[in-house]
Amino acid sequence: MIDLIGYGAFFLSTALIFSLVTLGLNLQWGLTGLFNVGLAGFVAIGAYTSALLTTPDDPARLGGFGLPILAGWAGAMVVGGVAAALTGIATLRLRSDYLAITTFGVAVVVQLVALNAQKLSGGPFGIGFIPRPFGSLAETPLLFNLSNLAVVSAVTLITYLALEHLSRSPWGRALKALREDERAAISLGKSASFYRVQAFAVGGAIMALAGALQAHFTGFIAPDNYLPILTFQVWVMLIVGGSGSNLGGVIGSILVWAIWAGSGTLTSFLFPPEQQARAASLQIVAIGVMLCVILLVRPNGLFGDRPKRPRFGKRAKLAAAKSGSGS
C-alpha cells in the first residue's frame, strides 16, 4: 500500500510537470493562436539553465555555480522567456505553417547543441548531481515523492491561477481579439506583433520552468529527454483537454500521461523482453485511439466549448417562435 501511494505521488508529479508545459502551450496556441511545435527546445533550455546554475563545480564543463534551487528556477524562466521572445521577434510574422517549421527547427538546434556542446551541457552524457528540493528524504521514497508532489502542485496551482487571471484581464482579451480577428483588433489600436511576442515569451518561460522542475525532480538530464516525442505528447494533452481551457490543459495532461504510462506498463507484462522495443510503439497507438474517440465525442476537447448544433423539427419551430415574439 505504501509503495502504491509513493508511485501515485511520483505519477502525479510527472503529470503536473507536463501540465505546466501544456499551460504554456495553451497560452501560445489556445489563447493567441501561435502554432509552436518547438516547445521541447524551451523545456530543454529551462532544464539545462537551472542545472548549470545549481550544480556543484565541475572542471569538465562550464557552469556549476552551486546556487539555490529557487535561483535556478528563476534563471530558467528568464533565459527561457528571453529565448522565446527572440524566437518570436524573428518568426511571428510568418504564417502558421511556416511558424511551425521554424519553431521545430529551433527545438532541433537546441537539442543538437545539448548533444554536441560537451563543455556546456555535458554532451550525450548529460548533467548529473542536480540538487533535489528534498534530497535528504531520498532514502524514504514515500516522503520524498510526497514532498516533491507538494512542491510541483504548488507551482502548478500558482501558474494556473496566474494564467486564469491573465486570460480575463485586458491583456488576455487583447490576445483573444488578435486570435479571432486580427484586422479588427489592429483597427482598435492593438499591436499584433507586440502582444504576440509577449504571449510567446510568457509561454516559453512557463515551459522553461517545467523543464527546471523536471531536472530537479529526477536529478539528471540528457539530450534524449527532449526529443520531438515530447512535443507530440504535450499537443495531444492540450487537444484532449480542450484548447483555450487552462483546466482542460491540466486534466488532459493527467489523462494522457495515465494512458501513456499505463500502456507502457501493460506492454512490459504482455510481451517478452526481446519484443518490448517494438511493442513500445503501442503507446502511440493507444494515444491515437484515445484522441480519435475523444474528438468524435467532444470535437473541441473535454473542456472546450461545444459547437452549436443546428436545430431541427419542433426545437427549430419553438426557437423561431421565441425569436418572433421577442422582436
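Scroll up a little and you will see the structure.
Residues numbered from 1 in each chain as written. Predicted model: local features only at pLDDT ≥ 70, side-chain atom pairs only at ≥ 80, totals over all residues. Heavy atoms only, no water.

(A) The arrangement of empty space enclosed by the protein in detail. By the definition in use, this model includes one cavity of 30 Å³ or more. Considered as a void within the structure, the largest cavity measures approximately 40 Å³ in volume. Lining the largest cavity, in full, are W73, P133, N148, V151, V152, L213, H216 and F217. Breaking the lining of the largest cavity down by element, the ones donating at least two residues are helix 6 (141-168) and helix 9 (192-218). Broken down by class, the residue content of the lining of the largest cavity amounts to six nonpolar, two polar and no charged. (1 Å grid on protein atoms, 1.4 Å probe; cavity = no way out; pocket = protein on both sides within 12 Å on 5 of 7 lines; lining within 4 Å. Points joined across faces, edges and corners; volume = space filled by probe spheres on them. Helix = DSSP H or I, 4+ residues; strand = E, 2+ residues; numbered from the N terminus. Nonpolar A, V, L, I, M, F, W, Y, C, P; charged D, E, K, R; others polar.)

(B) Highlighting the nonpolar core. Residues I221 and Y226 are the most contacted members of the largest nonpolar core, which totals 77 residues. Here the element with the most residues in this core is helix 9; it accounts for 14 residues. Leave out the neighbours within four places in its chain, and I221 touches A47, Y48, A51, G126, I127, I130, Q214, A215 and Y226. (Core = buried A, V, L, I, M, F, W, Y, C linked by side-chain atoms within 4.5 Å. Buried < 20%, exposed > 50% of the residue type's maximum accessible area, 1.4 Å probe, protein only. Contact = heavy atoms within 4.5 Å.)

(C) A look at the packing of aromatic side chains. In total, this model carries eight aromatic pairs according to the counting rule given. Where W29 meets F35, the ring centres are 5.5 Å apart and the plane angle is 50°; that geometry is what we call tilted. Judged by its relative accessible area of 27%, F35 is partly exposed. What links up through ring pairs into an aromatic cluster is the set W29, F35 and W235. (Phe/Tyr/Trp six-rings, centres within 6.5 Å; stacked < 30°, edge-to-face > 60°.)

(D) The arrangement of the pattern of salt bridges in detail. Counting across every chain of the model gives four salt bridges. We note a salt bridge from E164 to R168, for which the minimum N-O separation is 3.0 Å. Residue E164 and its partner R168 are located together in helix 6, separated by four residues, close to a single helical turn. On the basis of relative accessible area, R168 is assigned to the exposed category, the value being 58%. The partner of R179 in a salt bridge is E180, and the shortest N-O contact between them spans 2.7 Å. Of the residues examined, R179 reaches a relative accessible area of 34% and is grouped as partly exposed. (Salt bridge = Lys/Arg side-chain N within 4 Å of Asp/Glu carboxyl O.)

Don't take any of this as a statement about function, it's just geometry.
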